[in-house]
Amino acid sequence: MSVLDRSRLVLPLVVMLAISAAAAPSVHAQAGAAEDTSTQQAAAPEWTARQIRRIRRLSPMPPLPADPTNRFADHPGAVALGQALFFDRRLAGPGAGERDLSCAGCHDPRSDFDDGKPIAEAVGTMTRHTPSLWNVGHQRWFFWDGRTDTLWSQPLDPIEAANEMASSRGRVIRLLRDDARLRTQYENIFGGLPPSLLGDDLPADARPVPGDATHAHARAWQALTKQQQGDMNRCFANVGKALAAYMRRLDRGNSPFDRFVATLEQPDAPTPHLSLGAQRGLALFVGRGNCLSCHGGTRLTDDEFHDTGVAPLHETLPADAGRYAGIAALQKNPFRAAGEFSDDRTGAIAKRAQHIKQTPQNYGRFKTPSLRNVALTAPYMHQGQLPTLEAVVRFYSTREGARPPGHHEEQILQPLHLTDREIADLVAFLHSLTGTAPAAALLTPPTASTSSTAPTAPTPPAPATRPR
Amino acid sequence: MSSTHVRNQCRRSHLFVMAGTLTAAATLLAGCTVPRPPRFADDPKVESAIGNYAVYYRLPEPLPLNEPFALEAWVEPALDDAQLIVDAGMPHHHHGMNQQPTIARLADGSFAVDGMLFHMPGYWEIYFDVTRGPVTERAQISVELE
């Protein structure tokens, strides 16, 4: 998504908020205008002890959690390799043509690691919205349906998905093997590539294709020896671990809201950091809005799955089972936390999946997204159904257009009957959740000087056959 | 993490029970009960719907919000052939937990329940279903999680 495209989405929101500000002059209505002036401090709400208790549970942004399932999660070399792979178009299959269908093709750093489109488009058109990667290292489940339980297994899925990058683990391993720089980086971290993968007979594409044994990728996979399959799976898992090491660095915390909370009980603090409107929105957020039911915790999400009742983006889209299918996929995923490629098969992360259950109640539920940095990542909901934050808050306030809950579905959401000013206040609060971006060097393809760690082993000779 | 208010409740279960007297008689005939471990001496208990069982339970204090936790339970009388299922739900929201706890019977006859997770604040009910033969009897408590 270009900057121009993004401005088309942001501009109406700014206009709307400016109109709201005219009606309620004390509201700071511009995106990014969460910082306040001292003249408004005198009119700040008097927070009750209960409100303060609830607000304090939302901040600060927690430190990056350890990932014992990936022992390379914080390896500097893995971060560098992951960054190189993230921007490498060659990971995509030939169906990409001239398009950039690297990871960054959809998770574009210039667009806050999403694509700004309601529904993602890659080799094919998908059925869900591209989620942003900000703070992705903190998540409990990955994808809208939670079909993976580790960050390192997440990128392996779109690489091989026919409508996304349409590639294969065979193609990725050949790229690693045949690109001298990538191979050096890889071998410095994970050790030498297995001998079984060094021969000239490795197919251009090979992967298991569940349910389609006649697929060319599946036939090539079946033609490999068990040793080759096992080695390829191990190397593919390592690719995911390197990508995860990079994505874990995409932390974006320390928002105006966090600074506000830090000084919440300091009456002499120089500024309240939040506009009066944002403070009123915060009061609604922790009170009558019932937002904490799902958006609690320091990342403002419960990391669980709910059905908001939002209607599909198009009637032509297929019914989406959401979490119901996600649980089944997770339990079959060889790259899950409890699987053989995990570095901690019995720890707390692996135990999570052991306790989930597929029930009819899971049908049509999708993961609660974090609200941190939410103002940067329009459109919203799992199919990008709602273009602005104002539309999202209005949807929860009126429930207009929502599907009625079925008899298996939870019944949490009730109309809030918010006024226009209250809606603007909540939007102003959501804007205050935009954090400080990480170092710029993480947001672009690595340069030659940063993409490689000093080799500890000689660079192997280039094989006779190169895929590109 | 949260303040917890636990109050015992004894409700008529929605499952079943033909005759409490039959179960009581079976209990007396079984003659294979074991004494309650001392660690449950000071724990709260709740009676099942018909009154044939008392469930002693040990919850973490405070109960964590949106983090997995374990609990222990002791069912009295402690019968070798009685099974315990533990689950929880938010009746006002019409949903349960997103996880299915695992339940293991320990050597001393108590039950270790792992994998509980209350993902939302609010009113939760915890259900202890004691099953012996074809008869299940429920004891339940409620907790308020902020």
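These numbers come from a predicted model, not from an experiment. (Residues numbered from 1 in each chain as written. Chains lettered and ligands numbered in written order. Predicted model: local features only at pLDDT ≥ 70, side-chain atom pairs only at ≥ 80, totals over all residues. Heavy atoms only, no water.)

(A) Expanded view of the overall build of chain B. On a plain count of helices and strands, chain B comes out with one helix and ten strands. Each helix and strand of chain B, placed in order from N terminus to C terminus, yields the pattern β-α-β-β-β-β-β-β-β-β-β. The buried share of chain B, taken over its 146 residues, is 50%. Of the contacts formed within chain B by residues at least 6 apart in sequence, a portion of 67% connects residues at least 24 apart. Summed over its atoms, the accessible surface of chain B is roughly 6,700 Å², and 56% of this surface lies on carbon and sulfur atoms. (Helix = DSSP H or I, 4+ residues; strand = E, 2+ residues; numbered from the N terminus. Buried < 20%, exposed > 50% of the residue type's maximum accessible area, 1.4 Å probe, protein only. Contact = heavy atoms within 4.5 Å. Areas by Shrake-Rupley, 256 points an atom, 1.4 Å probe, with all protein chains shown as cover.)

(B) Spatial organisation of the overall build of chain A. Scanning chain A for helices and strands turns up 15 helices and two strands. If you take every contact in chain A between residues at least 6 apart in sequence, the share linking residues at least 24 apart comes to 75%. Carbon together with sulfur atoms contributes 57% to the accessible area of chain A, which is approximately 19,600 Å² in total.

(C) Representation of the side chain of Asp88(A). Inspection of the secondary structure puts Asp88(A) in the loop between α3 (76–86) and α4 (103–106). Every residue in contact with Asp88(A), bar those within four places of it in the chain, is listed here: Ser102(A), Leu175(A) and Leu182(A).

(D) View of the side chain of Thr263(A). Residue and element names in this part refer to chain A. Tracing the backbone shows Thr 263 in the loop between α10 (256–262) and α11 (276–285). What makes Thr 263 buried here is its relative accessible area of 17%. Excluding anything up to four places from it in sequence, Thr 263 contacts Ala 269, Thr 271 and His 273.

(E) Broad picture of the sheet that holds strand β7 (residues 102–105) of chain B. Residues and elements named next belong to chain B. With antiparallel pairing, the five strands of this open sheet are ordered in space as β2-β3-β4-β8-β7. Both outer strands of the open sheet, β2 (45–47) and β7, are each paired with one neighbouring strand and no more. Averaged over all neighbouring strand pairs, the angle between strand axes comes to 25°, with direction disregarded. Pairing analysis gives five bridges linking strand β3 (residues 54–58) to strand β4 (residues 69–76), with the strands arranged antiparallel. Looking at the pairing, Tyr 57 lines up with Ala 73 of β4. (Pairing = 2+ DSSP bridges. Axes fitted to C-alpha atoms, helices over the stretch in contact; angles between N-to-C directions.)

(F) Structural context of helix α2 (residues 49–56) of chain A. Residues of α2(A) that are buried: Gln51(A), Ile52(A), Arg54(A) and Ile55(A). Within α2(A), the buried residues cover an arc of 165° as seen down the axis, which keeps them to one side. (Arc of directions from axis to C-beta.)

(G) Expanded view of unusual backbone geometry. With an omega dihedral of 0°, the bond running from Ser59(A) to Pro60(A) counts as a cis peptide bond. In this fold, Pro60(A) is placed in the loop between α2 and α3. In this chain, Glu61(B) is followed by Pro62(B) through a cis amide linkage whose omega measures 0°. Looking at where Pro62(B) falls in the secondary structure, it is placed in the loop between β3 and β4. Phi at Asp303(A) takes a positive value of approximately 60°, unusual for a residue other than glycine.

(H) A look at the packing of aromatic side chains. Residues and elements named next belong to chain B. Taken as a whole and judged by the stated rule, the model has 18 aromatic pairs over all chains. Judged by centre distance (5.9 Å) and plane angle (25°), the rings of Tyr 57 and Phe 128 are stacked. Of this pair, Tyr 57 sits in strand β3 while Phe 128 sits in strand β9 (residues 122–132), and the two are 71 residues apart along the sequence. An identical accessibility class is assigned to Tyr 57 and Phe 128; each is buried. Aromatic pair Phe 69 and Phe 118: ring centres 5.2 Å apart, planes at 80°, arrangement edge-to-face. With a gap of 49 residues between them, Phe 69 in strand β4 and Phe 118 in the loop between β8 (111–116) and β9 connect regions that are remote in the sequence. Per residue, the accessibility class of Phe 69 equals that of Phe 118, and both read buried. (Phe/Tyr/Trp six-rings, centres within 6.5 Å; stacked < 30°, edge-to-face > 60°.)

(I) Here's a closer look at the environment of Gly192(A). In this fold, Gly192(A) is placed in the loop between α7 (180–190) and α8 (216–223). Gly192(A) sits 15 residues away from Arg177(A) along the chain, and the two C-alpha atoms are 9.9 Å apart.

(J) Expanded view of the packing of helix α14 (residues 389–398) of chain A against helix α15 (residues 420–431) of chain A. All names here are of chain A. Viewed as axis vectors pointing N to C, α14 and α15 meet at an angle of 125°, and their least axial separation amounts to 9 Å. Viewed along their axes, α14 and α15 adopt a mutual orientation that is oblique. For the element pair α14 and α15, the recorded crossing hand is right-handed. Contact residues: Leu 389, Glu 390, Val 393 and Arg 394 in α14; Asp 420, Ile 423, Leu 426, Val 427, Leu 430 and His 431 in α15. When grouped by side-chain class, the residues that make up the contact of α14 with α15 number six nonpolar, one polar and three charged. (Parallel < 35°, antiparallel > 145°, perpendicular 65-115°, else oblique. Left-handed = near helix turned anticlockwise from the far one by under 90°. Nonpolar A, V, L, I, M, F, W, Y, C, P; charged D, E, K, R; others polar.)

(K) Quick peek at the confidence of the model for chain B. The pLDDT averaged across chain B works out to 83; a share of 77% of its residues lies at or above 70. This prediction of the complex comes with two scores: 0.83 for pTM and 0.74 for ipTM. (pLDDT = per-residue confidence, 0-100.)

(L) Summary view of the interface of chain B and chain A. Contacts between the two partners involve 21 residues from chain B and, on the opposite side, 24 residues from chain A. Across the chain B-chain A interface, the total number found is five salt bridges. With its nearest N and O atoms 3.2 Å apart, the salt bridge here joins Glu146(B) to Arg53(A). Run the count over chain B and chain A and you get ten residue pairs in polar contact (both at pLDDT 80 or more). For the side of chain B that touches chain A, a count of residues per class yields six nonpolar, twelve polar and three charged. (Salt bridge = Lys/Arg side-chain N within 4 Å of Asp/Glu carboxyl O. Polar contact = N/O pair within 3.5 Å; in protein donor to acceptor, adjacent residues only side chain to side chain.)

(M) Spatial organisation of the pairing of strand β10 (residues 135–145) of chain B. Residues and elements named next belong to chain B. By the criterion of burial, β10 is predominantly enclosed, with nine of the eleven residues buried. Pairing analysis gives eleven bridges linking β9 to β10, with the strands arranged antiparallel. Residue pairing in the sheet places Gly 122 in a bridge with Leu 145 of β10. Taking the residues between adjacent antiparallel strands as the criterion, β9 and β10 are bridged by two residues, where Gly 133 takes a positive phi near 60°.

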